[in-house]
Every structure is written in C-alpha cells, then in structure tokens.
Amino acid sequence: MNPKFIFLDIDGTLVSAMQPPSRQVAAAVRGARANGHKVFLCTGRNMPIIGQDILDIGFDGVIASAGSHVEADGNVLFDSMLPEETIQECLKVFHSHGMYCRIETPEGIYTDPQMEELLLHAKADPANSELIRMQKEIEAGIHIQPYQRYPHKGAYKICFTSRELEAVEQTKQILGEQFLYAVHPYAGSSSCFNGEIIPKGIDKGRGIELVCRHYGARLADTIAFGDSMNDYEMMLTAGISVAMGNACEELKRVADLVCGNVWEDGIYYEFRKLKLA
C-alpha cells in the first residue's frame, strides 16, 4: 500500500463532546504512523484550544481554524488572518441582524456576552458537534473572554449564533460573495442556529492541497474523516472521504464511506477496515 495522508477532524470525529481521546482511537493513529502513513489534525478549532491530550497522541501536522493555519513536520506552511477592517465589517452585518459572534484569534477566543446565554439554553441537534462543543466549553469553565478584551488585531475565523434562521440567510446575501457559510444542523424546535464563515479559497480542502504539495503527495492518496459542514470542502478534496456515523446528512451524501459513530470509536474500526493500522 502506498503511504496514505490521513486528515482527522476533532469534534464529533476524533473525540466526542469535549471528552478525551479514547485509547483505541489513539492506538489507531499511532499504529497508522508506525505503518508509514502520515496523520494530521484537520479542525475548525484554533491552535490555543486544541487540547494537549489530543496533541499527545502524536500527529505529523495540523490544519487549524478550518484551513487558515497549516503546519506539517513543525513547519508553518500557511497562516492567513482576516484583517481587522474585515472583522469589523462582518460584525456590523451580524449585529445589525441581531446575531451574536465568537471571534477566534492566535491569542484566544472572544465572544459577545449574549452568546453564552443563548448557547446555555439551546437545544442541540445530536449531529451538531460544534454547538455541543461550545456548550461543553461553558460547562467545563474553559476560559473564553468577552468581546471587550478583543485585541483588534484581526482573526482567523468568526462563528455566529442566531435566534432566527431568516437572519442567517439575510447576512448570507451580504457576505456570501466573500465567505462560505457553514451552517450546522439544527433541531426541529431549535431556538439557536449556529455556524461559521470561511473565507473563500481558504478551507480544509485547500489545507489538504498545501500538505500534499509540501510532501509531493497525490490527492488520490489522501483520506479524510469528518462530521460537520465545515468538513464539506475537505470531503470533496480527499481521495477517500469518510463521514462519521453521527455526521450530518449533508456530509454523508457527499462522502465515499460512512463509518461508525464517534462514541463507538468509529475511526479505530475504519482504520482497521482500510488496513491502515
């Protein structure tokens, strides 16, 4: 077998709801690397909130902030932040439509004060790993700072929440030419709609292309695992795309394979099935 380049989303894929990585999944990653394959994190998280328990598994690199930061073998291949002027333009659009935002920077995460209250009372769709993670961050007391402390130096990404789906669609008409909208699954009776905007041309799929270019590898030799809509471009790019059993239906429809749920160690069993480890 040619060496494979494997890309793993974190939330809802590698780990479940802010839980530590399972021993079986960690063993699968280490086993794949021992067999000569390269394994990378490919996450919407920014670097400061990728837990040490995850990094301690051992990876060959990371695509973070949904493609805005890319590392391989300790080398930074790509790093692109939205300028502060753009951040403020986006915040103005979201706030004018009654939406609340979360800004992710190299220093940390900053949120509108109303966002935490909305998240605390939201009913999360089981397939919405991003909303579940944010709720678990609040429960765990992970330090997320108020917008008043935001340093105004630009940011990698903006996440949004809204009480009205119509408001999300209205902002898309304004910002949609510049950004991809990843709107995450929502329960039928949801009072909270959440997602993120990703600069066009800078996404997880583009991150995979940069990693392949670094190693002189073929996209045909890449395998990507994901569960949410910020994994969509990654699925379209990879040679083999694998949706988790708990993934949203939109992602399952474009994936080549569907494996087990994250809480059933789906990665471990799929690695064995594909003879990676």
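Residues numbered from 1 in each chain as written. Predicted model: local features only at pLDDT ≥ 70, side-chain atom pairs only at ≥ 80, totals over all residues. Heavy atoms only, no water.

1. Brief notes about the pattern of salt bridges
Pairing between side chains becomes possible if they bear opposite charge and their charged atoms approach one another.
Moving on, step 1. Applying the stated criterion across every chain yields a total of 15 salt bridges.
Moving on, step 2. The residue Lys38 makes a salt bridge to Asp60 at a minimum N-O spacing of 4.0 Å. Within this pair, whereas Lys38 is found in strand β2 (residues 38–42), its partner Asp60 is found in the loop between α2 (52–55) and β3 (61–64), the two being separated by 22 residues in sequence.
Moving on, step 3. Overlapping salt bridges bring together Asp11, Arg45, Glu130 and Arg133 as one network. (Salt bridge = Lys/Arg side-chain N within 4 Å of Asp/Glu carboxyl O. Helix = DSSP H or I, 4+ residues; strand = E, 2+ residues; numbered from the N terminus.)

2. With respect to the packing of aromatic side chains
Moving on, step 1. The final tally for this structure, using the stated rule, is 10 aromatic pairs.
Moving on, step 2. With a centroid separation of 6.5 Å and 15° between ring planes, the pair formed by Phe5 and Phe40 is classed as stacked. A residue pair is termed long-range when its members are at least 10 positions apart, and Phe5 in strand β1 (residues 5–8) and Phe40 in strand β2 qualify at 35 residues. Exposure class is identical for Phe5 and Phe40. Each is buried.
Moving on, step 3. Taking 4.8 Å as the distance between ring centres and 80° as the angle between the ring planes, the aromatic pair formed by Tyr268 and Tyr269 counts as edge-to-face.
Moving on, step 4. Joined through ring pairs, the aromatic side chains of Phe5, Phe7, Phe40 and Tyr215 make up one cluster. (Phe/Tyr/Trp six-rings, centres within 6.5 Å; stacked < 30°, edge-to-face > 60°. Buried < 20%, exposed > 50% of the residue type's maximum accessible area, 1.4 Å probe, protein only.)

3. Some points on the nonpolar core
In a soluble, globular protein the nonpolar side chains are often hidden away together inside.
Moving on, step 1. One finds Leu8, Leu14, Phe59, Phe225 and Phe271 to be the most contacted residues of the largest nonpolar core, which totals 28 residues.
Moving on, step 2. Elements supplying a minimum of two residues to this core: β1, α1 (23–34), β2, β3, β12 (222–226) and α10 (266–273).
Moving on, step 3. Counting residues per element, this core draws most heavily on α1, at five residues.
Moving on, step 4. When neighbours within four sequence positions are excluded, Phe271 is seen to be in contact with Ile6, Leu8, Ala28, Val29, Ala32, Phe225, Leu276 and Ala277. (Core = buried A, V, L, I, M, F, W, Y, C linked by side-chain atoms within 4.5 Å. Contact = heavy atoms within 4.5 Å.)

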